[in-house]
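Each chain, letter by letter, is given below.
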Amino acid sequence: MAKKSMIARETKRARTASRFASKRDALKAVIKNPGSSYEDIEAATLKLQKMPRDASPARKHNRCRVTGRPHGYYRKFGLCRNKLREAAMRGDVPGLVKASW
């Protein structure tokens, strides 16, 4: 199990990213717009830099739904490798079988 504080930090990051998503998109649109003046781009860049660091969705890290483990995460199942193996051995994952060749 991951520490409760780490899991809470990830949920806080997700909340912050969703809260600032529209504002970030608007500023990025100004920056990427070729018709924007240099002053507008500078102002938008400064506003973007002054936003909280966790407002960026790139800082979010995938975690296992069961344990909160950040490494060995399978996106398709939402589980880490350990819990995926346990679920497969119990037969909880339809269509997933052990490899044999």
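All values reported here derive from a predicted model rather than from experimental measurement.

Colleague: How would you sum up the overall build of the protein? Please name residues and give values.
Modeller: Each helix and strand in the protein was counted, giving 3 helices and 2 strands. Its helices and strands taken in sequence order, the protein reads α-α-β-β-α from the N to the C terminus. Expected size for 101 residues packed as a compact globule is a radius of gyration near 13 Å; at 20 Å, the protein overshoots this value by more than 25%. The C-alpha extent of the protein, read off along each of the three principal axes, is 60 × 35 × 20 Å. In the protein, buried positions account for 24% of the 101 residues. Taking the intrachain contacts of the protein between residues at least 6 apart in sequence as the baseline, contacts between residues at least 24 apart amount to 37%. As displayed, the protein has an accessible area near 8000 Å², and 54% of this comes from carbon and sulfur atoms.

Colleague: Describe in detail the side chain of Arg-13, supporting the description with residues and values.
Modeller: For Arg-13, the position within the fold is in helix α1 (residues 4-32). Accessibility expressed as a relative area gives 15% for Arg-13, which makes it buried. A distance of 2.9 Å separates a polar atom in the side chain of Arg-13 from a polar atom in the side chain of Glu-10. Ignoring anything within four residues of it in the chain, the contact list for Arg-13 reads Asp-54 and Arg-59.

Colleague: Give me the lowdown on the environment of Asp-40, citing residues and values where you can.
Modeller: Here Asp-40 lies in helix α2 (residues 38-50). Sequence spacing of Asp-40 and Leu-27 is 13 residues, and the spatial spacing of their C-alpha atoms is 9.7 Å.

Colleague: Break down α1 for me, with residues and values.
Modeller: Under the 1.5 Å per step criterion, the end-to-end length of α1 is 39 Å for 29 residues, consistent within 8% with the ideal 42 Å. The largest bend in α1 amounts to roughly 50° and is located at Ala-21. Within α1, burial applies to Glu-10, Arg-13, Thr-16, Ala-17, Phe-20, Arg-24 and Leu-27. Contact partners of the buried residues in α1: α2.

Conventions used here
Residues numbered from 1 in each chain as written. Predicted model: local features only at pLDDT ≥ 70, side-chain atom pairs only at ≥ 80, totals over all residues. Heavy atoms only, no water. Helix = DSSP H or I, 4+ residues; strand = E, 2+ residues; numbered from the N terminus. Rg over C-alpha atoms; globule rule 2.2 N^0.38 Å. Buried < 20%, exposed > 50% of the residue type's maximum accessible area, 1.4 Å probe, protein only. Contact = heavy atoms within 4.5 Å. Areas by Shrake-Rupley, 256 points an atom, 1.4 Å probe, with all protein chains shown as cover. Polar contact = N/O pair within 3.5 Å; in protein donor to acceptor, adjacent residues only side chain to side chain. Expected span 1.5 Å × (residues − 1). Bend = angle between axes of the 7 residues up to and from the residue.

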